[in-house]
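A structural walkthrough
Spelled out, the chains give:
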Amino acid sequence: MNDIKFINGGVTAPKGFLASGVHAGIRKNKTKKDLAIIVSEVPANASAVYTTNLVKGAPIYVTQENLKNGKARAVICNSGYANTCAVGGKELALATCEIVEKHFGIPKTDIIVASTGIIGQLMTLEPFEKGVPLLKENLSIIEGGEDASEAIMTTDTFKKQVAVSFTVGGKTAVIGGIAKGSGMINPNMATMLAFLTTDIAISAKMLKKALSEDTQKTFNMVSVDGDTSTNDMYSIMANGMAGNKEITKDGEDFKAFCTALNAVSTALSKMLAKDGEGATKLIECTVEGAKSEKTARLCAKSVISSSLFKSAMFGADANWGRVLCALGYAGADINVNKISVSFSSLAGTAEVCENGMGLNFCETNAKKVLSEKEIFVKINLNSGDKSATAWGCDLTYDYVKINGDYRS
C-alpha cells in the first residue's frame, strides 16, 4: 500500500483508455479546444458524485440516469457553455449521447456527459455533430489525454492532470485523472469537473463508496470563492484491465485502491486551488488537535473560505485575527482559548497565536514568509487527535476583473 508512484499522463495512463480534444465551434476562439472525450476500450464499472446546488446542469440528470446500472464506457464534455438553465438542455445532452453512440458504437446509456461554461446560454447540436467525428479521428493515448485535459478548461490557466501506479492483489494498476476549475469553486460534493480512469477491477458499489468517502477529504476541502457550481461532477471509470481479482468488499485491496485514489484527488485538489481565478498563492490549511474529523474539516474549510483572510494572504499580511474569526463562525465545537496558529512557507515559519492570544512575532519575518507562492497555515485546536486539510488561494484584484466581464 506504500508503493504509490506518480507517473506521466492523466486519463490515458491506465490500460485500455483513449481520449481526444478538439475545437468543435462552441467557443468563438478557434484556437481553444472545447470538446473532449475519454473512451474505455472495454465496458467499465463507473460511479460519480455531483453538485448539491439545487440548480443543476442538464447533463447531470442524464448522467445520473445512465449510471444507474453502474456502467459506462465514455465521458464526453464540452466547455464554453454550461448547458444549465438553457431551453432544450436535457434534449441536447441526450442527443449528444446518441451522436457518440453513432460514431463510436458505444451504447448511448453507457455515456457520462458533462458541460462547463456560461450558464443560461442557448446551445445547438451543430458543434457536437461536427465535433464528435473529429474526436474519433483524433483518439489517441498521449496526445489525446493532453488534448482532453485542455478541452475541458474555461478560465483555467493550466491543464490539470495526474496519474499514479500502485500494486493491488499482486498486480500493477494505474489511476489517472484530469480536472478543471478556477472560479465558482466551493464544492459540497466534488469539484468543478474531475474525470478519473483506472484499469483496476472493482465493483460499481465499491467505486461509489470510495468516491463518496474520498471527496469529503479532498475536493470538498477546496474553495476558491465560496460559490458552489451548478455543473460539478466527479466521475470514475474502472475497466478491470489490470487483471486483479475484482474488489467487491472492504479489505486490504480496497484500502490500497482508496489510498491511490486519494493521492490522485489530493493532487488535483491542490491544482484547482492554486489556479483559482486571479490567484497568486496556494494556501494549505491544516487543522490538528480536533475532537472529530468533522470539526477539523469545518474549521479548515472556514479559514480558507474567508474573504478577509484570503485578502490578507494576498497582501502578505499576518493578520491572524482573521483566522480566529473564521474558526469562531465555522459552526464547530471548539475551545477558542486553546487555539494556536502559525504560518509557514519556504521562507520560514511565523508563530502568531497561542492559547487564543497573540504572540510577539517579527512582522518583517512574517511578511517574508507570506510573500511566497505556497503558504501553509497550521492550526492546533489542542482538544483531540483528529485532523483535516483544506486548500484555497488568495483573493486578488484580478478575481473581480475576471468575473466582472466573464461573458464578454
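Model, not experiment: these values are computed from the prediction. Here the residue numbering is sequential within each chain, running from 1 through the sequence in written order. In keeping with the model being predicted, local features are shown solely for residues with a pLDDT of at least 70 and side-chain atom pairs are shown and tallied solely at 80 or more, while totals for entire chains, interfaces and linings include all residues. Excluded from the side-chain calculations are hydrogens and water; all other atoms, namely the structure's heavy atoms, are used.

Let's talk about the overall build of the protein chain
Counted only if it meets this: Secondary structure is summarised from DSSP: a helix means a run of H or I of at least four residues, a strand means a run of E of at least two, and numbering begins at the N terminus for each. We take the radius of gyration over the C-alpha atoms and set the globule estimate at 2.2 Å times the residue count to the 0.38 power. Each residue's exposure class comes from its accessible area (1.4 Å probe, protein chains only) as a fraction of the maximum for that residue type: buried when under 20%, exposed when over 50%, partly exposed otherwise. Working rule for contacts: check all heavy atoms of both residues, and any pair within 4.5 Å makes them a contact. The accessible surface values rely on the Shrake-Rupley method and a 1.4 Å probe; as for residues, cover is taken only from the protein chains in view. Positive charges come from Lys and Arg, negative ones from Asp and Glu, while His and the chain ends are left out of the count. Taken as the charge centre is NZ of Lys, CZ of Arg, CG of Asp or CD of Glu, depending on the residue.
Within the protein chain, the regular secondary structure consists of eleven helices and 15 strands. In terms of C-alpha radius of gyration, the protein chain reaches 21 Å, essentially the compact-globule figure of 22 Å for 408 residues. Expressed along its principal axes, the backbone C-alpha trace of the protein chain runs to roughly 70 × 55 × 35 Å. Buried residues in the protein chain amount to 56% of all 408 residues. In the protein chain, the share of contacts with a sequence separation of at least 24, taken over all contacts with a separation of at least 6, comes to 81%. With an accessible surface of roughly 16800 Å², the protein chain has 51% of that area assigned to carbon and sulfur atoms. Taken together, the 44 basic and 42 acidic charged side chains of the protein chain have centroids lying 2 Å from each other.

A word on the packing of aromatic side chains
Heads up, the condition is: Working definition: a ring pair exists when centres of Phe, Tyr or Trp rings (six-membered ring for Trp) sit within 6.5 Å. Plane angles under 30 degrees give stacked, over 60 give edge-to-face, the rest tilted.
Taken as a whole and judged by the stated rule, the model has two aromatic pairs. Both rings, one in Phe-219 and one in Tyr-234, keep their centres 4.8 Å apart while their planes meet at 80 degrees; by these two values the pair is edge-to-face. Linking Phe-219 in the loop between α5 (204-217) and β9 (233-238) with Tyr-234 in strand β9, this pair joins segments that are 15 residues apart in sequence. For the pair Phe-219 and Tyr-234, a shared accessibility class is recorded, and that class is buried. Between Phe-314 and Tyr-397 the ring centres are 5.3 Å apart and the planes differ by 90 degrees, which places this aromatic pair in the edge-to-face class.

A few points about the pattern of salt bridges
Filter applied, for reference: A pair is scored as a salt bridge if a Lys or Arg side-chain nitrogen falls within 4 Å of a carboxyl oxygen belonging to Asp or Glu.
The final tally for this structure, using the stated rule, is twelve salt bridges. Across the pair Glu-252 and Lys-255 runs a salt bridge, and its minimum N-O distance is 3.8 Å. On the criterion of helical spacing, the pair formed by Glu-252 and Lys-255 is a turn pair, its members being three residues apart in helix α6 (residues 252-274). What makes Glu-252 exposed here is its relative accessible area of 51%.

Details of the pairing of strand β12 (residues 348-354)
Going by this rule: Any two strands with at least two DSSP bridges between them are considered paired.
Bridge count for strand β11 (residues 340-345) against β12 is five bridges, and the pairing is antiparallel. Within the sheet, the bridge partner assigned to Ser-342 lies in β12 and is Glu-351. Adjacent in sequence and paired antiparallel, β11 and β12 are bridged by two residues. Here β12 pairs with strand β13 (residues 357-358) via two bridges, running antiparallel. From the neighbouring strand, Cys-353 faces β13, where its bridge partner is Gly-358.

Points about the environment of Cys-97
Along the polypeptide, Cys-97 turns up in helix α2 (residues 89-104). Cys-97 gets classed as buried once you look at its relative accessible area, which sits at 2%. Separated by 112 residues in sequence, Cys-97 and Lys-209 place their C-alpha atoms 26 Å apart.

Thoughts on the confidence of the model for the protein chain
Put simply, the test is: Confidence of the prediction at every residue is given by pLDDT, a number between 0 and 100.
Mean pLDDT over the protein chain: 91, with 93% of residues reaching 70 or higher. Contacts for the low-pLDDT stretch residues 183-191, under 50 throughout, to residues beyond four places or in other chains number 53 contacts.

Focus: the nonpolar core
As a reminder, the rule being used: Buried Ala, Val, Leu, Ile, Met, Phe, Trp, Tyr and Cys residues form a nonpolar core when they are joined through side-chain atoms within 4.5 Å.
Ranked by internal contacts, the top residues of the largest apolar core, which has 74 residues, are Phe-257, Val-341, Phe-343 and Ile-379. With eleven residues, the single largest contributor to this core is α6. When neighbours within four sequence positions are excluded, Phe-257 is seen to be in contact with Phe-166, Ile-175, Thr-198, Ile-200, Ile-202, Leu-207, Ala-210, Ile-236 and Ile-247.

Remarks on helix α8 (residues 307-314)
To keep things clear, this is the line we draw: Taken from the helix axis, the directions to the C-beta atoms give the arc we talk about.
Those residues of α8 lying buried are Phe-309, Lys-310, Ala-312 and Met-313. Angular distribution of buried residues about the axis of α8 spans 155 degrees; they occupy a single face of the element. On its buried face, α8 sits against β10 (282-290), α7 (293-305), α9 (321-328), β11, β14 (374-380) and β15 (386-393).

Some thoughts on the side chain of Asp-34
Keep this limit in mind: For this analysis, a polar contact is any N or O atom pair within 3.5 Å, provided that within protein one partner can donate a hydrogen and the other can accept it, and provided that sequence-adjacent residues contribute only side-chain to side-chain pairs.
Along the chain, Asp-34 turns up in the loop between β2 (17-22) and β3 (35-50). We note that Asp-34 is buried and unpaired, the nearest opposite charge coming from Arg-27 at a distance of 5.4 Å. A distance of 2.9 Å separates a polar atom in the side chain of Asp-34 from the backbone nitrogen of Ile-26. Each residue touching Asp-34, except ones within four places of it in the same chain, is listed here: Val-22, His-23, Ala-24, Gly-25, Ile-26, Arg-27, Cys-77, Asn-78, Ser-79 and Ala-151.

Structural notes on the sheet that holds β15
Put simply, the test is: Orientation is described by lines fitted to C-alpha atoms, with helices fitted over the stretch in contact, and by angles between N-to-C directions that extend from 0 to 180 degrees.
Across the sheet, six strands lie side by side as β13-β12-β11-β14-β10-β15; this open sheet has mixed pairing. The sheet terminates laterally at β13 and β15, the two strands that pair on one side only. Two elements, β10 and β14, share seven bridges in a ladder whose sense is parallel. Bridge assignment links Val-287 to a residue of β14, and that residue is Ile-379. On the sheet, α6 packs against β10, β14 and β15 and is oriented at approximately 40 degrees with respect to β15.

Quick look at the pairing of strand β6 (residues 160-168)
Here β6 lies mainly inside the structure; eight of its nine residues are buried. Where strand β1 (residues 5-7) meets β6, three bridges bridge the pair, whose relative direction is antiparallel. Looking at β6, one finds that Ile-7 is bridged to Ala-163. Note that β6 and strand β7 (residues 171-180) share nine bridges and pair antiparallel. Directly across from Val-164, in β7, lies its bridge partner Ile-175.

Some remarks on the environment of Gly-120
Looking at the secondary structure, you find Gly-120 in the loop between β5 (111-118) and α3 (126-137). Spatially, the C-alpha atoms of Gly-120 and Ala-86 are 4.8 Å apart, while their sequence positions differ by 34 residues. Leave out the neighbours within four places in its chain, and Gly-120 touches Thr-84 and Cys-85.

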